[in-house]
Amino acid sequence: MSESAFVLDNSVLSAFSGSGWFESIAFWSDTHELVTSARVWENEYVPHHDRAEAPDWLSIEEANLNELVIERSVRLGDADYSLIRLTEDRSDCTLVTNDKRVLTKAEENDLDNMWGSKFLKETFEQCGISRERYQAGLSSYFEDVPISSEVRQVLRDAEKL
């Protein structure tokens, strides 16, 4: 696929849900395809959230782990590897995660990647989330996502572009 894409992991989807910003991720759908794996959606997201059907802006895709070109380790599960595979399958794709182990594996495999908190900041700055909703959801985000005090301050200080 040549379309730009973000592959979103459960930590990002869940953090946006818990903070009341889940629908705000749709903001990117005009410029990027938004994707997660079927393993992440069915086994990690749906069992913990009040939503069984994927929103229109999110593509749920199967990933063939049999052809995975990375060395598997016990540090990551099949859902994590399914995200790696989906990212490998695209030429202009960024894996978005708040999971350090997934991010490290993406870097080891030379895949474009982004911390979920940077994705959040860019979504807010580019008007995907209103100032009021952003500020109202930050405390929930901070409870859900383990980040340093410096990153918390950067998120608090974010401004619209």
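In this report, the structure presented in the accompanying data block is examined. From a predicted model like this one, the values you see are computed outputs, not experimental measurements. (Residues numbered from 1 in each chain as written. Predicted model: local features only at pLDDT ≥ 70, side-chain atom pairs only at ≥ 80, totals over all residues. Heavy atoms only, no water.)

Side note on unusual backbone geometry
Condition: In this text, helices come from DSSP runs of H or I with a minimum length of four residues, and strands from runs of E with a minimum of two, each type numbered from the N-terminal end. Relative accessibility thresholds used throughout: buried, under 20% of the residue-type maximum; exposed, over 50%; partly exposed, between the two (1.4 Å probe, protein chains only).
For Asp110, which is not a glycine, the phi torsion comes out positive at approximately 55°. Mapped onto the elements, Asp110 comes out in the loop between helix 4 (100–108) and strand 5 (113–115). Residues other than glycine seldom take positive phi values, yet Cys127 does so here, at roughly 75°. Relative to the elements of secondary structure, Cys127 occurs in the loop between helix 5 (116–125) and helix 6 (131–144). What makes Cys127 exposed here is its relative accessible area of 53%.

Points about the sheet that holds strand 2 (residues 33–37)
Quick reminder of the rule: Any two strands are treated as partners once DSSP identifies two or more bridges connecting them. All axes here are fitted lines through C-alpha atoms, helices being fitted over the stretch that makes contact, and every angle between N-to-C directions spans 0 to 180 degrees.
Strands sit in the order 3-2-1-4-5 across an open sheet of five strands; the sheet is parallel. Taken across any chain shown, the strands that pair with only one partner, and hence form the sheet edges, are strand 3 (58–61) and strand 5. Within this sheet the neighbouring strands show an average axis-to-axis angle of 30°, counted without direction. Where strand 1 (residues 5–8) meets strand 2, three bridges bridge the pair, whose relative direction is parallel. Residue pairing for strand 2: Phe6 is matched across the bridge by Leu34.

Focus: the pattern of salt bridges
Heads up, the condition is: Only one rule defines a salt bridge in this text: a Lys or Arg side-chain nitrogen within 4 Å of an Asp or Glu carboxyl oxygen.
Across all of its chains, the model carries ten salt bridges by this definition. In this structure, Glu33 and Arg90 form a salt bridge, with 3.8 Å as the shortest nitrogen-oxygen distance. Placement of the pair is Glu33 in strand 2 and Arg90 in the loop between helix 3 (78–88) and strand 4 (93–97), with a sequence separation of 57 residues. Beyond isolated ion pairs, a larger network of salt bridges with shared partners links Glu33, Glu61 and Arg90.

Some remarks on the environment of Asp99
Convention followed: In this description, contact between two residues means that some pair of their heavy atoms is separated by no more than 4.5 Å.
Counting through the fold element by element, Asp99 comes out in the loop between strand 4 and helix 4. On the basis of relative accessible area, Asp99 is assigned to the buried category, the value being 18%. In this structure, the C-alpha to C-alpha distance between Asp99 and Ser17, residues 82 residues apart in sequence, is 16 Å. Excluding anything up to four places from it in sequence, Asp99 contacts Asp9, Ser11 and Trp115.

Focus on the packing of aromatic side chains
By convention here, two paired aromatic rings are described through the distance between centres and the angle between planes. Formally: When two rings of Phe, Tyr or Trp (its six-membered ring) have centres within 6.5 Å they constitute a pair, described as stacked for plane angles under 30 degrees, edge-to-face for angles over 60, and tilted for the intermediate range.
Taken as a whole and judged by the stated rule, the model has 13 aromatic pairs. Summarising the aromatic geometry, the rings of Phe27 and Trp28 are spaced 5.6 Å apart at their centres and angled 75° between planes, so their arrangement reads as edge-to-face. Aromatic pair Tyr141 and Phe142: ring centres 6.5 Å apart, planes at 65°, arrangement edge-to-face. Take Tyr141 and Phe142: they sit in the same class, and that class is buried. The structure contains a cluster of three or more aromatic residues connected by ring pairs, namely Phe6, Phe16, Trp21, Phe27, Trp28, Phe119, Phe124, Tyr134, Tyr141 and Phe142.

Topic: helix 4
We count it as follows: Picture the helix axis, draw a direction to every C-beta atom, and the arc is the one those directions span. Think of a polar contact as two N or O atoms within 3.5 Å of one another; within protein, one of them needs to be a possible hydrogen donor and the other a possible acceptor, and neighboring residues in sequence only count if both atoms come from side chains.
Listing the buried residues of helix 4 in full gives Val102, Leu103, Lys105 and Ala106. Projected onto a plane normal to the axis of helix 4, the buried residues spread over an arc of 165° and lie on a single side. Seen from the open side of helix 4, the exposed residues pointing more than 90 degrees away from its buried face are Lys100 and Glu108. Among the structural elements, helix 3, strand 4 and strand 5 are those in contact with the buried residues of helix 4. For helix 4, the N-terminal cap is Asp99; the gap from its side-chain oxygen to the backbone nitrogen of Arg101 is 2.9 Å. The positive-phi residue at the C-terminal boundary of helix 4 is Asp110, with phi of around 55°.

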